[in-house]
Every structure is written in structure tokens, then in C-alpha cells.
Amino acid sequence: MALGGFVLTGLCILVIASQSWAALEVNTEDRMEISLGKRAEITCIYKTDMPPSSIIIQWFAKALRSNSYMQRIYYLDNSTTVLDQESPLAGRVSVDNSNPGSVVLIVDPVELQDELLFVCQVNAMSDGTKDDSTLLKVFQSPEVPRIEAVHAGIHIHDEGTSKIATCEVRNGYPMPNITWYRGLTPLHISEGEVGVQNLVTRETNDLFTVTSELHLKVRKEDKDAEFYCESTYFVPEATKMTESPRVRITVHYPPTFVEMSQVYPEGLVKEGDTVEMRCHADGYPAPLLAFKHNGEDIEEDAHTDDQQGVRLSNARRSDGGTYSCTALDLETLLELEKSMQLKVHFLDEAVVVPEGPQVLSAGDNLMATCNALSSLDTNTVWFKNGQYFTEGHMLKLLNVSLASAGEYTCAVSTPALDGLHTEAVLPVIVRGVPQIKLVTWEHMEDVKNSVNLTCVALGYPIPSITWDSPDQQDLGGQSSNTQLPSGVISTLTMKATSVLSVACKAENTFGEVRRVVQIEPKGSGVIIAVLIICVLLLAILGSVLYFLYKKGKIPCGRSGKQDLTKEKSNKDAIIMEMKTDKSDEAVLLQGINGDKKAP
């Protein structure tokens, strides 16, 4: 019975206590984040059944260290409001209690030292005392990262890692974090490959400056790589990052490949060409290049201006062979060599067999060959007096005649390479009676009544040409002869005042030949035409007069009419006869027949 009484009494006490605990509530935000220099407002909300006159509110600040103590910064009761002036927040702190059930602590501006635990404590007399706290976090965004690469070259054969760049991020809070990148790939610490050394400095303004050095085992591929650092830092309710500019480093490495190639001309090379061969080698600093031809050093005057190749002027076939380029790394003395073959193509002078002028008799045969030594396949074409004759290295002339005489040229070329060309000439002479190929004449414009005559005769022995007139007229004038390989050209300048015939005679030991041309003086054709017109006009006039006479329109005699009989009328007519067997000529015949009576 006694035990039951104790239990009932305890439950009553708990109920009463829980009712009293539930009568007072105090709430603040757990965490508030604010940027340095901004205004922070920390709100404390409380609920109680007690009247405001019975409530005491206090604000305390406590450092985050475990052994730190709470320092009051604000006190409020029914009659008193106190802002503690000894607090580090003095002069920057104020309180807004204008709204019942809440009190707002205002810090403006926020400083780094304000990163504290702010405690709101409410005493409601019989409702008891309660508190709640807010952690104030202060942030300051750092400056843009500054990066500087090592200016000196770094050799890939250096032992261990080498410092390649420094990154500095200044004035941040909390302390920013630095990450290194090569290209788009983040670099992580790896023994013997990647190393990072960070130095953190607390500035006088309590902000952090982080300096980071990147150490790297440099490879050849790093010569083209871009490095940068990335700063990661916190801001209120977020995380941000800022990248530095990209930098490159100077990587020293020996040559790993050498290439020797012909750059000019493109394709095949012939004698007389200017040839340029160049050597391409990697490595930095640029390796020293040395050139050889068939194992012998090439003189420097044959090097290109930039010492990166060889230039041959007026190349000869002896310039062909093996050209090599050796690249020497001056730091490690490592050598790398590459060679190429140069072929200088040629075409020697054409040789015709048999050579020299070939003198043949009519009906003879001639077999001749044309050859030229070349490093390439050749093509041979024969020309006669400049005109295409046949193709192939052999010339065949069967049953020759005087028309076969002439100058035969064999032209040899290389189809695979333009510019290689050679020719040889074979004169062919055929003995026999001369042939006159051409006789022409023309008036001389600047000399009155003068004409130029030209006669071309072929034959061997070379004929002589003379000029004469079949009419035994004295031609006079001046003549000159020009000898050809298989003939002669003769010209004659003379006066021509009337129509005359002129003969060109060509003669040698085998015989002679003549050809006659008729020369008309300038304007003679016009005179003949005028004479013909006059004769026709006179004929027409005579016909008209006779017609009028027959009609009696014209009196005959001195003293009267005279009769005319019509006997033998076929003899009284005027007869006009055109000779059809003579071209371009008309003959007028006129006759009057009849007896005449005495007056």
C-alpha cells in the first residue's frame, strides 16, 4: 500500500514537471553563413506563458575552442537593456526586440573574429531557463590564382621530379584548396612522378594565402602540355572554383626521329636542276645537323641558309647517291641518323649512224639509226625538213628519188621526265637532174616598173641557176644565189615595162631543166580592158548608123537621094562574129556589099 502511494506521487511530479518544461521554448538557427563585411541577423524565437515583465533575455558569444567561456554581449529585462561594451563585438552589435516572442541579434559588419557560437538564453521565472545557439560561419572569397612557370628548360633525363610551376591563392577564408591540372587531367601525388608542396600563410588580416609548388617527372609529351591550377573555396551555402591562366614549360629532350627528304623539285630530278633536300629532326634545343654524301662531309657552301638542308645548283649525274643527315643532341651527345637516295637522270647527245651527209643515187636504199644514252626510257621521232616523218630509232629510206632528199632530224626525249631532249641531224642528198620546185614573181612597191623573181631548184650536185628570155630580150637586172643543203635559191630583180617571158634554168652535171613565166608590167591589164571596151562601143555605134541609113533617116550623096538595091542582101549586112574557140577575146567583122551608081 505504501509502495503504490510513492508511485502515484512520482507520476504527479512528472506530469507537473513536463507541463512546466513545455511552457518555455527557445529556438535559433543551428548555423548561419555570412560573407566577410556583410550584415548578420541572428533570430531567437521563444514561447512562454509568462508575461513579458517576467522574462529575462541574454545573448552570449563563445569561441569554438573546448576550454573557452561564454561572454555576455547583451542583457534585457523588464526595466534594463545592456550592450556589454567589453565584448569584441562592441560598436558593431545591436538588438531588435520590437516583435514580441523574438529577439534579433544584429552584427554589422561581420569580421573574421565573429566566427563564434552565439547563445540565446531566456529566463521565464517559474517556466524556467532555456537557451539555444547559432554557429556563425564567416567566408571570404580568395583572389584569382596566380601561376608562374619555371623559365629554365627542364631535361627529361633529369633525375627525380623537377619544379615546373608555382600557384598562389591569396586572401581567402576559410583556407582555399589548390588542385593542379595537366590539360584537362587533374594531377595526383605519385611517388617519383608527381609531387605537390603547399605553404599556408595567415596574413595580418587573418585571411589565408596558399602557395603550391608542382613537381613533375617531365616527359617529352609535356612540351605541348598546358598546366594550370584550380582554387576551390567555400562561400555561403555553396562551393566555388577559379582557374588560373594556362602556362607551358620548356622541355629539353634529345631527338627521337630524323627525316631526310627531297623538297625541290617534286618528282624526278634531271641534270641541270636545282635540287634541295631538307632534314627534319625533333629535339629541343634544336640538335646540330651534319650532312654527308656517300659518306663524305658536304661542304658548308652547299648547305641551305638555315643550315637545315642541302642545295645543289646545276645538278650532275655524279651528284646522285646516298645523302645522310645526323642529328646531335649537345646536352647528351646522343646521335640519330637518316639517309635518302638521290637519282639524277640524264640524256646524252643523240648519235646518228651513219653520220654526216649521205649522198645517194636514185633507187638506192638508206638505213640509219639514232640513239642516246639515258637513265630513263626514251622515245625517238624523225622529222624531215621540220615536218613529222616517222617514229622509232631507225630510219628507212627505200628506192630513193630526188624527193627523198632533205634534212632528217631525230629527236630523242624521255616521256617520264619533261625537259630531257636531244636532237641530231642527218642530211640526205640524192644525185640526179635538177628539179625546179618553184618560180614566182612580184612587183616591187618602192621601185617603179621593177619586179622580183624567185626560182628554187633542188638537185645534187648543187645546180647553178641562170635567167634568160625565150624571146631573146635583154633582161638586165641583178641576180643572187643562196645555196641550200640540197639545192639553191636564185632571185632576179629587173625592169618590166612590157609583157615578156622569163626562163629559170637549173643545170648540173646530170642535165638541165627550164621553167618559163610570163611577166606583165604593172597596170597593163587595165589598158587592155579599156581597149576592148572602146572596140565594143565603136561596133555598137556602127550598127546604129547602119540601121538609120537603111530606114532612110540619113541622106546619101551631095544632091539628093541615092537608091540602094537589095540585091545580094546577104552581102549588104553588117556581120559580127564572136570566135568561141578563143576565150576572153572578141573579133568584129564588118562588110558592106553592093554596086554603086554614077551620079
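One can find the structure itself at the top, above this paragraph.
Below: a short report on this structure. In this text, all values refer to a predicted model and were calculated from it rather than measured experimentally.

Attention shifts here to the state of the cysteines. This model, assessed by the stated rule, comprises 5 disulfides. There is a disulfide in this structure between Cys279 and Cys325, and the S-S distance comes to 1.9 Å. Residues Cys279 and Cys325 share a disulfide whose torsion about the S-S bond is about -80°; that sign makes it left-handed. In this pair, Cys279 is assigned in strand E23 (residues 275–281) and Cys325 in strand E27 (residues 321–328), connecting sequence segments 46 residues apart. Across the pair, Cys325 and Cys279 agree in class, each one buried. Paired by a disulfide, Cys370 and Cys410 hold their sulfur atoms 2.0 Å apart. Residues Cys370 and Cys410 are joined through a disulfide that is right-handed, its torsion about the S-S bond being 55°. Of this pair, Cys370 sits in strand E32 (residues 366–371) while Cys410 sits in strand E36 (residues 406–413), placing them 40 residues apart in sequence. In this structure Cys410 comes out as buried when scored by relative accessible area, which is 0%.

Glancing now at the sheet that holds strand E7 (residues 93–96). Strands sit in the order E1-E3-E8-E7 across an open sheet of 4 strands; the sheet is antiparallel. The outermost strands of the open sheet, each flanked by one partner alone, are strand E1 (25–28) and E7. Within the sheet, the average angular offset between the axes of one strand and its neighbour, ignoring direction, is 20°. Where E1 lies against strand E3 (residues 40–47), 4 bridges are found, and the strand directions are antiparallel. The partner of Asn27 across the bridge, within E3, is Ile45.

Time to look at the environment of Ser324. As for its placement among the helices and strands, Ser324 is situated in strand E27. Relative accessible area serves as the criterion here: at 8%, Ser324 is assigned to the buried category. Sequence separation between Ser324 and Ala290 is 34 residues, and the spatial gap between their C-alpha atoms is 8.2 Å. With residues up to four places along the chain from it excluded, the contact list for Ser324 reads Ala290, Phe291, Lys292, Glu337, Lys338 and Ser339.

A few words now on the nonpolar core. Within soluble globular proteins, side chains that are nonpolar generally end up buried alongside one another. Residues Trp59, Phe118 and Val122 are the most contacted members of the largest nonpolar core, which totals 33 residues. At the level of elements, strand E2 (31–35), E3, strand E4 (56–62), strand E5 (70–76), strand E8 (102–107), strand E9 (117–123) and strand E10 (129–139) are the ones that each hand at least two residues to this core.

The rules behind the values
- Residues numbered from 1 in each chain as written.
- Predicted model: local features only at pLDDT ≥ 70, side-chain atom pairs only at ≥ 80, totals over all residues.
- Heavy atoms only, no water.
- Disulfide = S-S within 2.5 Å.
- Helix = DSSP H or I, 4+ residues; strand = E, 2+ residues; numbered from the N terminus.
- Buried < 20%, exposed > 50% of the residue type's maximum accessible area, 1.4 Å probe, protein only.
- Pairing = 2+ DSSP bridges.
- Axes fitted to C-alpha atoms, helices over the stretch in contact; angles between N-to-C directions.
- Contact = heavy atoms within 4.5 Å.
- Core = buried A, V, L, I, M, F, W, Y, C linked by side-chain atoms within 4.5 Å.

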